[in-house]
Amino acid sequence: MVDTNNAEVVPFPHLVSDDDSNDHLTLVKHVRMVEAMVFASSEPVSEKALGERLPDDVDLDAVLGELEKFYSGRGVNLVRSGNNWAFRTAGDLAFLLQKEAIQQRKLSRAALEVLAIIAYHQPVTRAEIEEIRGVVTSKGTLDVLLETGWIRMRGRRRAPGRPVTYGSTDQFLDHFGLAELRDLPGLDELKGAGLLQSQLPANFTVPMPDDCEDLTEEEDPFTLEDIEDLGLLPPTGG
Amino acid sequence: MVDTNNAEVVPFPHLVSDDDSNDHLTLVKHVRMVEAMVFASSEPVSEKALGERLPDDVDLDAVLGELEKFYSGRGVNLVRSGNNWAFRTAGDLAFLLQKEAIQQRKLSRAALEVLAIIAYHQPVTRAEIEEIRGVVTSKGTLDVLLETGWIRMRGRRRAPGRPVTYGSTDQFLDHFGLAELRDLPGLDELKGAGLLQSQLPANFTVPMPDDCEDLTEEEDPFTLEDIEDLGLLPPTGG
Amino acid sequence: MADKDEKMTGSGQPVADIQDDLWSATAPVDRAIADPEFTIDVDGFEGPLDLLLSLARTQKVDLAKISILHLAEQYLGFIEEVRRLRLELAADYLVMAAWLAFLKSKLLLPEPEGDDEPTGEELAAQLAFRLKRLEAMREAASQLVNRDRLTRDVFARGMPEPIIVQKRSEFSATLYDLLTAYAAERQRQSVSFVHIARRSVWSLQDARIILTRLIGNISDWAPLNSFLVEYLVEPEMRTSVLASSFAASLELVREGKLEVQQSAIFAPLYVRSTVPRAVPQTTVGVQ
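One structure accompanies this document, and this report is about it. (Residues numbered from 1 in each chain as written. Chains lettered and ligands numbered in written order. Predicted model: local features only at pLDDT ≥ 70, side-chain atom pairs only at ≥ 80, totals over all residues. Heavy atoms only, no water.)

**Comments concerning the nonpolar core**
So, point 1. In this structure, Val 34 and Phe 87 of chain A together with Val 34, Tyr 71 and Phe 87 of chain B are the most contacted members of the largest nonpolar core, which totals 53 residues.
So, point 2. With nine residues, the top contributor of residues to this core is helix α2 (residues 21–40) of chain B.
So, point 3. If near-sequence neighbours (up to four positions away) are discounted, Phe 87 of chain B is found in contact with Phe 39 of chain A, Glu 35, Val 38, Phe 39, Leu 67, Tyr 71, Val 76, Asn 77 and Leu 78 of chain B together with Arg 157 and Glu 161 of chain C.
So, point 4. Core analysis: the second largest hydrophobic core is formed by 40 residues, Ile 132, Leu 145, Val 164 and Phe 176 of chain B among them. (Core = buried A, V, L, I, M, F, W, Y, C linked by side-chain atoms within 4.5 Å. Buried < 20%, exposed > 50% of the residue type's maximum accessible area, 1.4 Å probe, protein only. Helix = DSSP H or I, 4+ residues; strand = E, 2+ residues; numbered from the N terminus. Contact = heavy atoms within 4.5 Å.)

Next up, the structure:
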């Protein structure tokens with residue numbers, strides 16, 4: 001999984017161009033700055049927050065790319081979840097770090113299934129989750145999942161009854177080590193097999209799971225009343 | 001302090017010996033392990049604790065030396081205190097971890113009145129302000145106004161007691177969008193705006209403040225003693 | 001795929017054979033937080049679809065090639081067994097049983113002509129799709145849960161360095177605020193400035209005390225004004241001082257403590273303290 005042999009050949013930063021050493025020095029400077037900012041935080045740092053503290057003309061993508069390359073194969077890696085970046089220990093070193101492990105409440109099988117359905121089918125309503133599982137979803141299951149911070153209520157489906165739609169959060173990506181939803185295991189195969197369709201019959205294509213902050217065309221934002229009724233933080237707060 | 005030029009020439013790990021590549025790979029492995037352990041620990045890690053989780057024959061000093069060298073000149077440094085090791089943000093980048101929290105404050109009615117009187121009647125002493133307002137001005141009010149940067153102490157009135165005179169600053173003009181003090185509306189304009197009623201005593205006037213930065217004939221500059229006694233920055237610093 | 005061994009513990013023994021058969025090939029998975037509201041967990045199954053999926057696995061073939069007819073028969077047999085043992089069974093299971101019985105008949109009997117309803121094959125395909133989809137989601141959940149997970153397999157910085165927050169005040173006030181405050185203040189003061197100044201007066205009492213003190217035992221005639229010089233400096237006080245001291249002097253004369261004389265109308269008024277004398281002077285009435 002991690003190729004330690006490669007590690008030694010990565011200079012800092014990766015890009016070494018003799019012809020343009022001034023640019024290079026500037027890049028080094030910005031790489032240091034981003035490194036310090038991301039390293040200082042235990043939570044993923046948003047690209048927005050990074051950009052705010054760098055000079056205006058900095059190509060943040062390039063800087064992050066350098067840093068990511070530079071740390072690949074190391075004991076600590078730079079990882080992305082959504083638009084947020086964090087340093088995380090390399091997965092293969094877990095055995096060394098059992099002391100740091102936090103004993104987490106384990107999710108029930110039902111909760112895990114619901115979580116997977118929300119992640120792969122989002123935005124998805126409770127009725128659709130139930131249709132897939134063929135069983136009623138208890139309120140407790142969704143509550144436990146909301147409590148983990150991995151799912152959030154997104155809005156309301158533009159449909160009779162205006163059911164609440166659920167989706168995953170950036171914390172979900174961070175926790176499961178996913179840079180983005182496209183990285184969900186087996187996503188392409190499931191999509192290819194037409195298994196990400198909530199509706200029967202299966203004769204139309206279904207979009208990728210969508211955790212875009214923006215609501216889809218079929219979703220309405222929460223109203224103030226909703227927020228009160230559902231005991232919600234603003235949806236982005238999830 | 002930090003030589004970023006050096007940073008690029010530090011490979012990972014520092015030591016590259018062609019003749020002994022097996023040893024080298026082992027070193028890389030151990031450097032990775034120590035890197036992850038120090039990174040994830042919630043407190044500085046003792047050499048003893050590191051040693052316990054590495055194979056018995058590891059030369060810990062060599063591994064820590066590599067890692068230290070590797071992180072020197074970077075945005076994050078490996079630092080030792082006693083026999084304990086931790087990562088710390090490079091000192092010259094500490095400014096990146098600071099955030100200004102701007103607290104919006106509203107001026108009290110009294111402060112607004114005093115400010116306005118200073119603006120219109122400058123140079124004006126505290127006693128004169130009190131005469132105009134008919135009430136005592138608290139020290140706190142003037143302190144708050146000095147904190148806004150909108151007023152300043154100008155000098156001392158050539159009169160018994162040598163009272164301090166107050167005036168407005170350039171920041172005052174900036175904040176209130178005035179090109180110069182003469183742009184402050186006069187009697188007719190205040191009446192026209194409905195701010196002053198028309199029944200006013202015949203001798204009622206609104207002064208036309210003077211923009212001149214220099215002291216008037218009736219003012220003395222501050223002496224060095226004054227500056228000490230009043231805890232003043234140089235008056236222009238206001 | 002997930003193992004249901006844990007679910008099966010303590011569940012209905014009569015079906016244990018079938019279940020052992022069902023789950024023997026599967027790997028264990030954790031299941032700690034029991035969902036408190038599982039109502040249909042009669043034998044550890046989460047609903048009829050879950051039961052169907054479990055039964056399908058006994059066919060030991062790819063779900064795509066499963067015989068739905070055979071599956072329906074298995075399910076109906078299972079339900080029959082449960083009912084024979086008088087075990088409680090939630091309504092969903094019975095609804096599914098009824099639907100499968102219907103499906104079975106559709107699959108076995110020839111389709112009636114000109115029927116708009118879905119054919120038995122179509123219904124069977126739909127059921128197969130749902131089973132496949134449920135199984136896919138279970139597989140996805142298990143892959144998800146086995147990834148390198150934060151705080152279990154990968155770790156964040158253990159000693160994060162906090163952002164130091166520096167507080168700074170920013171004052172807000174508009175020109176309108178400023179002008180309103182100024183105008184209101186000036187307006188208020190312009191009204192209260194029209195006040196009537198309190199007049200300063202010498203009371204009779206004041207005059208009497210001062211005259212008594214000043215004239216004291218002086219027995220030579222002296223102009224009354226000479227005693228009052230310092231009080232007459234302020235022009236606005238003059239009238240009051242003169243009137244009060246004159247009235248006070250008359251009172252002192254009446255009491256026999258003072259003597260007063262004047263040579264002519266509007267001439268200076270002379271006063272002296274009363275002393276015992278052999279030759280009394282003429283006392284002159286005063287204008």
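**With respect to the sheet that holds strand β3 (residues 84–89) of chain B**
Residues and elements named next belong to chain B.
So, point 1. A sheet is described by the order of its strands in space; here three strands give the open sequence β1-β3-β2, paired in antiparallel fashion. Only two strands of the sheet have a single partner each, and these edge strands are β1 (45–46) and β2 (76–81).
So, point 2. As paired strands, β1 and β3 are joined by two bridges and run antiparallel to one another. Its bridge partner lying in β3, Val 45 is registered against Trp 85. (Pairing = 2+ DSSP bridges.)

**Notes on the interface of chain C and chain A**
So, point 1. At the junction of the two partners, chain C supplies 44 residues and chain A supplies 60 residues.
So, point 2. Across the interface of chain C and chain A, roughly 4,500 Å² is buried in total on both sides, 61% from carbon and sulfur atoms.
So, point 3. For the pair chain C and chain A, the number of links is six salt bridges.
So, point 4. As a salt-bridge pair, Arg 109 of chain A and Asp 50 of chain C come within 3.5 Å of each other at their nearest N and O atoms.
So, point 5. On the surface where chain C and chain A come into contact, there are 13 residue pairs in polar contact (both at pLDDT 80 or more).
So, point 6. Looking at the side of chain C that touches chain A, the elements that each hand over two or more residues are α3 (47–57) and α6 (120–145) of chain C.
So, point 7. In terms of residue count, α6 of chain C provides more of the side of chain C that touches chain A than any other element does, 14 residues in total.
So, point 8. Residues of the side of chain C that touches chain A, tallied by class, amount to 21 nonpolar, four polar and 19 charged. (Buried area = accessible area lost by both parts, 1.4 Å probe. Salt bridge = Lys/Arg side-chain N within 4 Å of Asp/Glu carboxyl O. Polar contact = N/O pair within 3.5 Å; in protein donor to acceptor, adjacent residues only side chain to side chain. Nonpolar A, V, L, I, M, F, W, Y, C, P; charged D, E, K, R; others polar.)

**Observations regarding the sheet that holds strand β7 (residues 164–168) of chain B**
Residues and elements named next belong to chain B.
So, point 1. The strand order across the open sheet built from four strands is β5-β7-β6-β8, with neighbouring strands paired in antiparallel fashion. Looking at which strands have only one partner, the edges of the open sheet turn out to be β5 (124–125) and β8 (219–220).
So, point 2. As judged from the five bridges shared by strand β6 (residues 151–157) and β7, these two strands associate in the antiparallel manner. Along β7, the bridge assignment pairs Arg 152 with Gly 167.

**Remarks on the pattern of salt bridges**
So, point 1. Tallied over the entire structure, the rule returns 40 salt bridges over all chains.
So, point 2. Among the salt bridges present, the one from Asp 143 of chain A reaches Lys 139 of chain A, with a minimum N-O distance of 2.9 Å. Taken together, the residues Asp 143 of chain A and Lys 139 of chain A, both in helix α7 (residues 139–148) and four residues apart, mark about one turn of the helix.
So, point 3. Classification of Lys 139 of chain A by relative accessible area gives partly exposed; the value is 47%.
So, point 4. Taken together, the shared-partner salt bridges in this structure form one network comprising Arg 109, Glu 113 and Arg 133 of chain A together with Glu 46, Asp 50 and Arg 138 of chain C.

**Some thoughts on the packing of helix α4 (residues 68–84) of chain C against helix α5 (residues 91–108) of chain C**
Residue and element names in this part refer to chain C.
So, point 1. Running from N to C, α4 and α5 cross one another at 140 degrees; their axes reach a closest spacing of 9 Å. Looking at the two axes, α4 sits oblique to α5. Remark: the crossing between α4 and α5 carries left-handed chirality. Contacts between α4 and α5 involve Ile 68, Leu 69, Ala 72, Glu 73, Tyr 75, Leu 76, Ile 79 and Arg 83 from the former and Tyr 93, Leu 94, Met 96, Ala 97, Leu 100, Ala 101, Leu 103, Lys 104, Leu 107 and Leu 108 from the latter. (Axes fitted to C-alpha atoms, helices over the stretch in contact; angles between N-to-C directions. Parallel < 35°, antiparallel > 145°, perpendicular 65-115°, else oblique. Left-handed = near helix turned anticlockwise from the far one by under 90°.)

**Comments concerning the pairing of β2 of chain B**
All names here are of chain B.
So, point 1. Judged from the six bridges that link them, β2 and β3 form a sheet pairing that is antiparallel. Note on β3: the bridge partner recorded for Arg 80 is Trp 85.
So, point 2. Between β2 and β3, which pair antiparallel in sequence order, lie two residues; one of them, Gly 82, sits at a positive phi of approximately 65 degrees.

Remember that the coordinates give geometry; whether it matters functionally is a separate question.
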